[in-house]
Amino acid sequence: MECIGFIGLGLIGGSLARAIRKFHPEIRLTAYSHTRATLDEALSEGVIDEAWEQNDPRFSECDLVFLCAPVQTNISYLPFLKKTVKSSCLISDVGSVKGEMQEAAEKAGLSRQFIGGHPMAGSEKTGFSSSRAYILENAWYFLTTTEKNAPEDIQKLRHLVTDIHALPLVLKPEEHDFLVAGVSHLPHLVASGLVNTIKNLDDPEERMKLVAAGGFRDITRIASSSPVMWEQICLSNRNCILKVLDSYLDFMKHARELVAAGDGKALNEMFTSSRDYRDSMDDTRKGSVTRQFLLYVDILDEPGGIATITTLLAMNQISIKNIGVIHNREFEEGVLRIEYYDEDSRNRSAEILRKRNYIIRKTM
Ligand SMILES: NC(=O)c1ccc[n+]([C@@H]2O[C@H](COP(=O)([O-])OP(=O)(O)OC[C@H]3O[C@@H](n4cnc5c(N)ncnc54)[C@H](O)[C@@H]3O)[C@@H](O)[C@H]2O)c1
Ligand SMILES: O=C(O)C(=O)C[C@]1(C(=O)O)C=C[C@@H](O)C=C1
């Protein structure tokens, strides 16, 4: 692959371009995005080689084009690409919904060239300035294919995904859309619903907002995500979202009945079941593919305990992907769980912490 073009260069397009630049510096990268400032920033950082115009005829030079704008905006570019790209050029996207995009690609006469893509990673931030190459590392990267795609084309994309250290998972578009309706789209609706409920219930002094602590903040982080992106996702994946939303509403109705009836036993069973399932999530990941690098360490319950560890690791140039105290059946007293980007960082951390007499409870 000699030339890859991007349409849209925000959080995900920018992260993908950075990752390709990092692992394949020989590939020529070009982009068009809505805001000129984004393209200038990408050029000055050396992430792309050329900034192109909207519907630029030079897209004919690409071997692969990634559509990285909001989902329905991506669809609007298909007629231009059909007219412009060479017949050997592959077209992919990073959109969070795949079915509607696939149908549109077929309608545009691009079924052979189009292979849907969706990195299952990101954040509540937007824009190129928040993009990072590592966002995609060790993340699932869905590729949605049909029988119209040639196996060697699927293989090309699979290799690229592997080269940037993401984890390819090939699925049918409709399988993808139901999975993500459950684990991504429903949670965003729930987060938005929670925040708006509290906004409506709060008093004029906004005391609920003032006292909202860890639990509320943890579960609602994603409510800060881009409204345009989520509007388009909800419109594009309506049927699957309605199905999972109905199940969720039935469940909440049942939970309401248990609270109203004062049924402590049933409530306890409900919380036990969700706690056990949530705690088993890391094990599931481990069973399918080892994609996490974890260390569990005892910390003293005193102010600055976590800061001491993070400072120690930062002084040794070790980056942390995630950190937090967890309490579960295995670690009833609570331990600090640290997640790393790679195995080497985790192993070096264990060595450094042991030397400082920290007790490592488990690495995985
Ligand atoms: N944010 C996430 O966590 C996440 C994760 C995986 C996939 N996605 C998907 O990635 C896509 C982009 O999301 P993002 O988070 O990078 O959003 P973003 O807002 O950071 O980036 C969107 C980019 O598209 C550009 N754009 C908007 N309208 C355009 C147009 N008409 N023509 C050309 N460019 C245009 C914007 O200028 C921006 O550069 C969406 O389809 C989204 O569903 C997002
Ligand atoms: O972590 C977040 O902030 C995200 O919302 C990322 C997230 C998700 O739901 O997990 C959001 C949408 C994408 O399509 C993929 C990933």
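The written sequence of each chain sets the order in which its residues are numbered from 1. All chains are assigned letters beginning at A, and all ligands numbers beginning at 1, according to the order in which they are written. Restriction of local features to residues with pLDDT of at least 70 applies here, the model being predicted, together with a cutoff of 80 or more for giving and counting side-chain atom pairs; totals for whole chains, interfaces and linings are based on all residues.

## Brief notes about the site of ligand 2
Point 1. In this analysis, residues qualify as near a molecule or strand once their C-beta atom, positioned from backbone atoms, comes within 6 Å of it. Every residue near ligand 2 is listed here: Ser 96, Met 120, Ala 121, Gly 122, Ser 123, Glu 124, Ser 184, Ile 222 and Ser 225.
Point 2. Only Asp, Glu, Lys and Arg are considered charged, only Ala, Val, Leu, Ile, Met, Phe, Trp, Tyr, Cys and Pro nonpolar, and every remaining residue, Gly among them, polar. Tallied by class, residues from the shell around ligand 2 come to three nonpolar, five polar and one charged.
Point 3. Where each domain begins and ends follows an automated or database-derived domain assignment. Of the residues that make up the shell around ligand 2, three or more belong to each of domain 1 (3-172) and domain 2 (176-282).

## Thoughts on the sheet that holds strand S8 (residues 167-171)
Point 1. Pairing between two strands requires that DSSP report at least two bridges joining them. Note on conventions: DSSP H or I runs of at least 4 residues are helices, E runs of at least 2 residues are strands, and numbering of each starts at the N terminus. Taken together, three strands build an open sheet; the order of strands is S6-S7-S8 and the sheet is mixed. Every other strand in the sheet has two partners, leaving strand S6 (116-119) and S8 as the edge strands with one partner each. Each strand of the sheet is rotated relative to its neighbour by a mean of 25°, with strand direction disregarded.
Point 2. In terms of strand pairing, strand S7 (residues 140-144) meets S8 through five bridges, oriented parallel. Residue Thr 144 lies in a different strand from S8, and its bridge partner there is Leu 171.
Point 3. It is the C-beta atoms, placed from the backbone, that decide contacts: two residues are in contact if theirs lie within 7 Å. Axis angles are defined between N-to-C directions and span 0 to 180 degrees, where every axis is a line fitted to C-alpha atoms and, for a helix, only to the segment in contact. This element, helix H7 (residues 173-201), spans S6, S7 and S8 of the sheet and lies at about 140° to S7.

## A word on the site of ligand 1
Point 1. Of all residues adjacent to ligand 1, which total 28 residues, the nearest are Gly 8, Gly 10, His 34, Ser 96 and Gly 122.
Point 2. Secondary structure elements with two or more residues in the shell around ligand 1: helix H1 (11-23), helix H3 (71-76), S6 and helix H10 (227-236).
Point 3. It is H1 that provides the largest number of residues to the shell around ligand 1, a total of three residues.
Point 4. Residue composition of the shell around ligand 1, grouped by class: 12 nonpolar, 16 polar and no charged.
Point 5. Mapping the shell around ligand 1 onto the domain boundaries places at least three of its residues in each of domain 1 (3-172) and domain 2 (176-282).

## Observations concerning helix H12 (residues 264-279)
Point 1. What a helix is expected to span follows from its residue count: subtract one and scale by 1.5 Å. Over its 16 residues, H12 runs 22 Å from end to end, which matches the ideal 22 Å to within 8%, given 1.5 Å per residue.
Point 2. Little of H12 is tucked away: zero of the 16 residues are buried. Between the buried cut of 20 or more and the exposed cut of 12 or fewer other C-beta atoms within 10 Å of a residue's own C-beta lies the partly exposed class, and all C-beta atoms are placed from the backbone.

## Observations regarding the nonpolar core
Point 1. Only buried residues count toward a nonpolar core: Ala, Val, Leu, Ile, Met, Phe, Trp, Tyr and Cys, linked into one set through C-beta atoms within 7 Å. By size, the foremost hydrophobic cluster in this structure holds 56 residues, and its most contacted members are Leu 16, Ala 17, Ala 31, Val 65, Phe 66 and Cys 68.
Point 2. A total of six residues in this core trace back to one element, the largest contributor, which is H1.
Point 3. Setting aside chain neighbours within four positions, we find Leu 16 in contact with Phe 66, Cys 68, Val 94 and Leu 136.
Point 4. Formed by eight residues, the second largest nonpolar core is a distinct cluster that contains Leu 295, Ile 309, Val 335 and Ile 338.

## As for the pairing of strand S4 (residues 64-67)
Point 1. The two faces of S4 match: Leu 64 and Phe 66 on one face and Val 65 and Leu 67 on the other face are all buried.
Point 2. Both strand S1 (residues 3-7) and S4 contribute to a ladder of four bridges, which runs parallel. Counted as the bridge partner of Gly 5 is Val 65 from S4.

## Here we look at the sheet that holds strand S11 (residues 335-340)
Point 1. If you walk across this open sheet you meet the four strands as S10-S11-S9-S12, and the pairing is antiparallel. Because the sheet does not close on itself, it has two edges, and the strands there are strand S10 (320-326) and strand S12 (360-363). Sheet twist, expressed as the mean angle between neighbouring strand axes with direction ignored, is 15°.
Point 2. Where strand S9 (residues 293-297) and S11 come together, five bridges link them in antiparallel fashion. Residue pairing for S11: Val 297 is matched across the bridge by Leu 336.
Point 3. Strands in contact with helix H15 (residues 343-355) are S9, S11 and S12; relative to S9, the strand with the most contacts, it is inclined by about 15°.

## Side note on the confidence of the model for the protein
Point 1. Mean pLDDT for the protein: 93, with 96% of residues reaching 70 or above.
Point 2. Every residue gets a pLDDT, meaning the predictor's confidence in that residue, from 0 to 100. Confidence drops under pLDDT 50 across residues 286-290; counting only partners more than four residues distant or on other chains, this segment forms two contacts.
Point 3. Our summary of model confidence lists the complex with pTM equal to 0.82 and ipTM equal to 0.98.

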